[in-house]
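For reference, the chains in residue letters:
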Amino acid sequence: EISECLVGSEMCIRDRLKCLSVAGSDCSGGAGIQADLKAFSANETFGMSVITSVVAENTTRVLSVFNVPVEEIQKQIDAVFEDIHVDAVKLGMLPTAEIISAVADKLNEYKPSIIVCDPVMVATSGDALSEGGTVSTMREKLFPIVTLLTPNIPEAEAISGLEIKNENHMEKAARIIMDMGVKNVLVKGGHLTGDAVDYLCTPEGVHKLACKRVDSPNTHGTGCTLSSAITANLAHGMDMLSAVTKAKNYITEAIEKSFTVGKGHSPVNHFYDYYDLKGTVL
């Protein structure tokens, strides 16, 4: 919630919903922590970050991955929670089983009410971002505590063990992952052709979310941005279906109104609602 006060002729914000991203960084600014903070802000929440890995990447490739020592990740989490109330947490790149376990232990300690997990395993460029053994540790340590899991098709295949070639497979994979103990699952269909179709599996049933696919190469950071937008929407008190639907509309327009940055897959335009492509404030 936001409470406002007047100071002289200016309005100040005493409190604002606060979202924390625990993820890797992207020095080119399109994905990871950088995308998460932009999406939090665009969806009217205050963003905070815990960096798990420093990734040297751009729109064409990943040059290197440097994982932050586990103790430093834990201290970052402590630093946030001991001082600030966290309304929702988004989990992104957790590159090793040890980091997954440490983050899960800290979340069990602080018990945030909303946890959205985007199981980042591969960058848009196709480069791997996680080591072997992360899926089993994720299933054991994270699945019981996350509010929503948001795998894309390759990630859903790795988790469910099912090869996904069509929408029926997507729905089946979502149900399989739900049976592993996850409260809600969103399987994203960006890797298929045709309309942009996602399947949201909740205790109330399965929801097919479809919209026209935007023909654009500017998809760097789409998964990070979508999951962060969902996190912000849940922090605002939306139900799961409404939070995911609103976030899907947001990412669709962010892709549609993107602009070229770099030589490869450019990032989405997180702030399309605030300024146009010429930089004019709306």
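Procedures and definitions
- Residues numbered from 1 in each chain as written.
- Predicted model: local features only at pLDDT ≥ 70, side-chain atom pairs only at ≥ 80, totals over all residues.
- Heavy atoms only, no water.
- Buried < 20%, exposed > 50% of the residue type's maximum accessible area, 1.4 Å probe, protein only.
- Helix = DSSP H or I, 4+ residues; strand = E, 2+ residues; numbered from the N terminus.
- Arc of directions from axis to C-beta.
- Contact = heavy atoms within 4.5 Å.
- Phe/Tyr/Trp six-rings, centres within 6.5 Å; stacked < 30°, edge-to-face > 60°.
- Salt bridge = Lys/Arg side-chain N within 4 Å of Asp/Glu carboxyl O.

**With respect to helix α5 (residues 153-160)**
In an α-helix there are 3.6 residues to a turn, and that puts residues three or four apart on one side. Turning to α5, its buried residues number three or more, namely Ile153, Glu155, Ala156, Ile159 and Ser160. Axial view of α5: buried residues confined to an arc of 160 degrees, hence all on one face. The inward-facing, buried residues of α5 contact α4 (134-142), β8 (148-149), α6 (167-178) and β9 (185-188).

**Section: the packing of aromatic side chains**
In the structure shown here, the tally under the stated rule is three aromatic pairs. Centroid distance Tyr250 to Tyr272: 5.7 Å. Interplanar angle 35 degrees. Geometry classified as tilted. Of this pair, Tyr250 sits in helix α8 (residues 240-256) while Tyr272 sits in the segment after α8, placing them 22 residues apart in sequence. With a relative accessible area of 6%, Tyr250 lands in the buried category.

**Let's talk about the pattern of salt bridges**
Going through the model one piece at a time under the given rule, you end up with 11 salt bridges. Note that Glu163 and Lys165 form a salt bridge whose closest N and O atoms lie 3.3 Å from each other. Judged by relative accessible area, which is 51%, Glu163 ranks as exposed. A relative accessible area of 57% places Lys165 in the exposed class. Shared partners join several salt bridges into a network, and the residues in it are Asp78, Lys106 and Glu109.

Such coordinate-based values are descriptive only and should not be taken to indicate function.
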